[in-house]
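# Results of the structural survey
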Number of protein chains: 2
Amino acid sequence: MNLWQEYTPELVTDLYEFTMAQSYLQEGMDRLATFSLFIRSYPGDRTCFVSAGLEHLLELIPQFRFSGESLEYLASLNRFSRQFLRYLENFRFTGTVRGIPEGRLFFKEEPFLEVTAPITEAQLIETLVINVLQLETLIASKAARCFQAARGRSLIDFSLRRTHGVDAGVKVARASYLAGFDGTSNVLAGKLYNIPVVGTMAHSYITSFPSELDSFYAFERAFPQSTVLLIDTYDTVHGAEKALEVARKMREEGLELRGVRLDSGDLVQLSRKVREIFREGGFPQVKILVSGSLDEYTIEELLDDGAEVDVFAVGTRMGVSADAPYFDIAYKLVEYDGRPVLKLSSGKKTWVGRKQVYRHWDEQGRMKGDTVALLEEEVAGGEPLLETVMEDGKPLREPESLNTIRERFQEEWARLPRELRQTRSRSSYPVTISSSLMQLEERTAQEKKKTELDAPMS
Amino acid sequence: MNLWQEYTPELVTDLYEFTMAQSYLQEGMDRLATFSLFIRSYPGDRTCFVSAGLEHLLELIPQFRFSGESLEYLASLNRFSRQFLRYLENFRFTGTVRGIPEGRLFFKEEPFLEVTAPITEAQLIETLVINVLQLETLIASKAARCFQAARGRSLIDFSLRRTHGVDAGVKVARASYLAGFDGTSNVLAGKLYNIPVVGTMAHSYITSFPSELDSFYAFERAFPQSTVLLIDTYDTVHGAEKALEVARKMREEGLELRGVRLDSGDLVQLSRKVREIFREGGFPQVKILVSGSLDEYTIEELLDDGAEVDVFAVGTRMGVSADAPYFDIAYKLVEYDGRPVLKLSSGKKTWVGRKQVYRHWDEQGRMKGDTVALLEEEVAGGEPLLETVMEDGKPLREPESLNTIRERFQEEWARLPRELRQTRSRSSYPVTISSSLMQLEERTAQEKKKTELDAPMS
């Protein structure tokens, strides 16, 4: 039994979900509540978000049930009533989930998930919902930026060693693949999601042999059909010349060297020099793979400066979304028992009520702007983005394939205005709040201010 | 079956570990190799690292075995030979692991783990080793900084919702607890590691009731012995006055309000005002808990500015180590078959050979400096930090308890010179490289330069 096998959805929970739930139960509060999940702001240079993680959430919610072991632990805390523990024993989520499908784009303040259920149920899954959806959306949104920066060149995820644990490693491979990457070094993710796996050798491989050339030949013997040689262990130019020697020997045997990898040094100058060596040597088709501290900024810079790269292997900075390792994401109660609710805490706005996000398109089929409206509103000409994906706690459809999601991303990404796809964009996508929503918000805030702030204190 | 239960250690592997392994096998390369794990530099304002994660690694390595399903997947890739797949079928790690115990401090360029095993075995576990040890060390090192900044006040981990997945959530709770935190909101981690769990209510709880005061009384009814009220939902000062009203009613019934939580606004002014309200009301013992975008910098600033805080609830910024979400960590081959090895890639130094780190103490028992030396060297007066924790692939001792590790951290942390414990330190801890190691490094590099760079090219 390894640690990961002890992870169960029903305990991916902050303690307060349970304390609140016990109180709701004790007070007889069992009416329908709606929570909205949204991101308050764009961190770093983000201009949009890529929806990801929904399939995982839909798989986990029906598993949010309390086994003997979980109940025993909760009982051992000596905080919870027997009545509440019995409630948990019979717990299952019976609510409705509406979400923006994976691979689609959305924007700040837009709900990308709304959960409607008896308040205790919708409350108990809060931590799980945020934990699952933030990470995958965070990484897909970062990967999309790399995809754009690479200008059609191939991208590979190399991040597993430095992701925050194994769950992140797997989800980073999936989220980057859905947002335009072509493969991963991560064998576990390859197995779980049928993502193409790639990889050749480390510096340790080269240094374990008496000489670099010995190591090149040894690798070629093992993988003659897919030989990619790491050439920067001692000196990149010398390494390229040795790789050229290997390429020549291979050709004599009817084989072709697939590629070389550069992982350090001045990648612009070195990649150009390496291309020249292979081109002049008669091997213009040898692919140049580049790795080492890559992200959308360094990829863009390399290409702007004329680097010769066929494949970017992107690791840590994408895998932890290094420039923006979290979103200001919130799961907020927006309606209880038909009554719109909000908090007034400074600087933390929440749009009240059940909502829908509508997308508008221009004549060229490009995204023109979104409207956030109340669920019951009609917004002419807008495409509703939130789809009902779960009812009575059951997914309404089969899980989507990763390739379907990946295609959906590429299609929508191409329709995002070009200026918003740039690494450093000065534009922002127009999101309008409908006047009905605006009025309801204002009215609710006014009423709350009146009842909570103006009442005479004892 | 949930996704996490599909995670198996032997596939937490970059594909190249397998391709290299197949080649080693094919070449008959089965001699002992030593890999060193170390961090190249201090990111952000770090001055040291807190060792964490070793117990997890020792648990996982013996589980690094290949089941039918893993082998089937690898076979399906059509890259690996039958001979190699048979080798994996019988694989078990038979090597030696030396590590710095969890909770101890170490510094850049110091190996905190060395693995010695037949090269294929030491290579195959590379990705797992880095993935497990980086995250927990990263978080413990961040949490230690919060611990210092809090100047003896209590600290609680609130990060689960925004950690990078569930594995990270669990490990963040453990790593922050071992580095001075007092509890976590994370129920799963509470169960797995017996960490005290804490938590009361969210804003959604408050807003679901007709009025804030209603919600306060409802919560008190559910948890009269441990009532902590969130008071910033509508207005913190009004909230505090209502909480005071609740405290008075509670006292009439022989109960005492435990505390209040502030989560937004000007926390310095508001916490002082709240303290004043409760002090003047006759409730000076009511604890003030503060949350919201906290890290070592904001904690320090709050206390410097005179905030009245008893407990800091620290979430996202600690849980993702936001200012430095990864380490420049490397697992490098340093010896093969008794021969010291290194790479010459620019800017990426590796110290060759099997090593030991020695710690020196001054007369007051404070840490004075470390020496990194070759394993066989004698360093007079130094305390060796790397301990042999696994031999022939088997842990040499029972797992350490989290409380043992936590005490070790607090003891060693107190002995780190004060200037190195500061949030923004301008000092750096002296780490000396022994002259024997320096000479071996130099000699190895010279030889490599000679054989790899000066050889006439064909």
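Residues numbered from 1 in each chain as written. Chains lettered and ligands numbered in written order. Predicted model: local features only at pLDDT ≥ 70, side-chain atom pairs only at ≥ 80, totals over all residues.

### Some details on the relation of the copies chain B and chain A
Our working definition: Superposition of the copies used a least-squares fit over C-alpha atoms from residues whose pLDDT is at least 70 in both. Here contacts are defined at the residue level, using C-beta atoms placed from the backbone and a cut-off of 7 Å between them.
Mapping chain B onto chain A leaves a residual RMSD of 0.0 Å; the transformation is a rotation of 180 degrees accompanied by 0.0 Å of translation along its axis. Here the copies are linked by what is in effect a two-fold axis. Distance from the rotation axis, computed per C-alpha, reaches its smallest value in chain B at Q5 of chain B: 2.3 Å. Mapped onto chain A, 100% of the interface residues of chain B again fall at the interface, so both copies present the same surface.

### Quick look at the environment of Q134 of chain A
Using the following cut-off: Only DSSP runs of H or I reaching four residues or more are called helices, and only runs of E reaching two or more are called strands; each is numbered from the N terminus.
Here Q134 of chain A is to be found in helix α6 (residues 126-149). Once residues lying within four places of it in the same chain are set aside, the contact partners of Q134 of chain A are F327 and I329 of chain A together with R162 of chain B.

### Considering the interface of chain B and chain A
Put simply, the rule is: Asp, Glu, Lys and Arg are counted as charged, while Ala, Val, Leu, Ile, Met, Phe, Trp, Tyr, Cys and Pro are counted as nonpolar; the rest, among them Gly, fall into the polar class.
At the junction of the two partners, chain B supplies 100 residues and chain A supplies 101 residues. It is helix α1 (residues 15-26) of chain B that contributes the most residues to the side of chain B that touches chain A, seven residues altogether. Of the residues in the side of chain B that touches chain A, the class split is 44 nonpolar, 36 polar and 20 charged.

### A short note on the environment of T120 of chain B
All names here are of chain B. In plain terms, the rule: Burial in this document is a count-based property: other C-beta atoms within 10 Å of a residue's C-beta are tallied, and the residue is buried at 20 or more, exposed at 12 or fewer, or partly exposed in between, with C-beta positions derived from the backbone.
Inspection of the secondary structure puts T120 in helix α5 (residues 119-124). Among the residues examined, T120 registers 22 C-beta atoms within 10 Å and is labelled buried. Expressed as a C-alpha distance, the spacing of T120 and E55, which sit 65 residues apart in the sequence, is 23 Å. When neighbours within four sequence positions are excluded, T120 is seen to be in contact with A21, Y24, L25 and D30.

### Some remarks on the domain arrangement of chain A
Residues and elements named next belong to chain A. For the record, the criterion: Residue ranges assigned to each domain were obtained from an automatic or database domain assignment.
By domain assignment, chain A separates into domain 1 (3-140 + 324-453) and domain 2 (144-319). For the side of domain 1 that touches domain 2, the element with the highest residue contribution is helix α15 (residues 402-415), accounting for six residues. Here the residues of the side of domain 1 that touches domain 2 sort into 10 nonpolar, three polar and four charged.

### Quick notes on the sheet that holds strand β12 (residues 329-336) of chain A
All names here are of chain A. Just so we agree on the cut-off: Here, a strand pair is defined by DSSP locating no fewer than two bridges between the strands. Geometry is summarised by axes, namely lines fitted to C-alpha atoms with helices restricted to the contacting stretch, and by angles between N-to-C directions that run from 0 to 180 degrees.
Pairing in this open sheet of seven strands is antiparallel, and the strands run β13-β12-β1-β5-β3-β17-β18 from one edge to the other. Either end of the sheet is taken by a strand with one partner, and the two such strands are β13 (339-340) and β18 (394-395). Two strands pair when backbone bridges link them, and strand β3 (residues 96-99) and strand β5 (residues 113-118) are joined in this way by four bridges, in the antiparallel orientation. When the sheet's bridge partners are listed, R98 is paired in β5 with E114. Docked against the sheet, α6 engages β1 (32-39), β5 and β12, running at close to 140 degrees with respect to β12.

### Some thoughts on the sheet that holds strand β3 (residues 96-99) of chain B
Residue and element names in this part refer to chain B. With antiparallel pairing, the seven strands of this open sheet are ordered in space as β13-β12-β1-β5-β3-β17-β18. The open sheet is flanked by β13 (339-340) and β18 (394-395), the only strands paired with a single partner. The pairing of strand β12 (residues 329-336) with β13 spans two bridges and is classified as antiparallel. If you follow Y336 over to β13, its bridge partner there is R339. Here helix α6 (residues 126-149) sits on the sheet in contact with β1 (32-39), β5 (113-118) and β12, set at roughly 140 degrees to β12.

### So, the environment of L342 of chain B
Locating L342 of chain B in the fold gives a position in the loop between β13 and β14 (355-361). Note: C-alpha distance between L342 of chain B and D370 of chain B (28 residues apart in sequence) is 23 Å. Apart from the residues within four sequence positions on either side, L342 of chain B is in contact with T207 of chain A together with T350, V352, T444, A445 and K448 of chain B.

### Here's the deal with helix α11 (residues 236-252) of chain B
Residue and element names in this part refer to chain B. As a reminder, the rule being used: By definition here, a helix of n residues has an expected span of 1.5 Å times n minus one.
Relative to the 24 Å expected for 17 residues at 1.5 Å per residue, α11 spans 24 Å between its end C-alpha atoms, a close match to the ideal helical length. Every buried residue of α11 is listed here: T236, G239, A240, K242, A243, L244 and A247. Contact partners of the buried residues in α11: α10 (212-222), β8 (228-230), β9 (259-262) and α12 (267-280). Of the residues trailing α11, G254 is marked for its positive phi of about 80 degrees.

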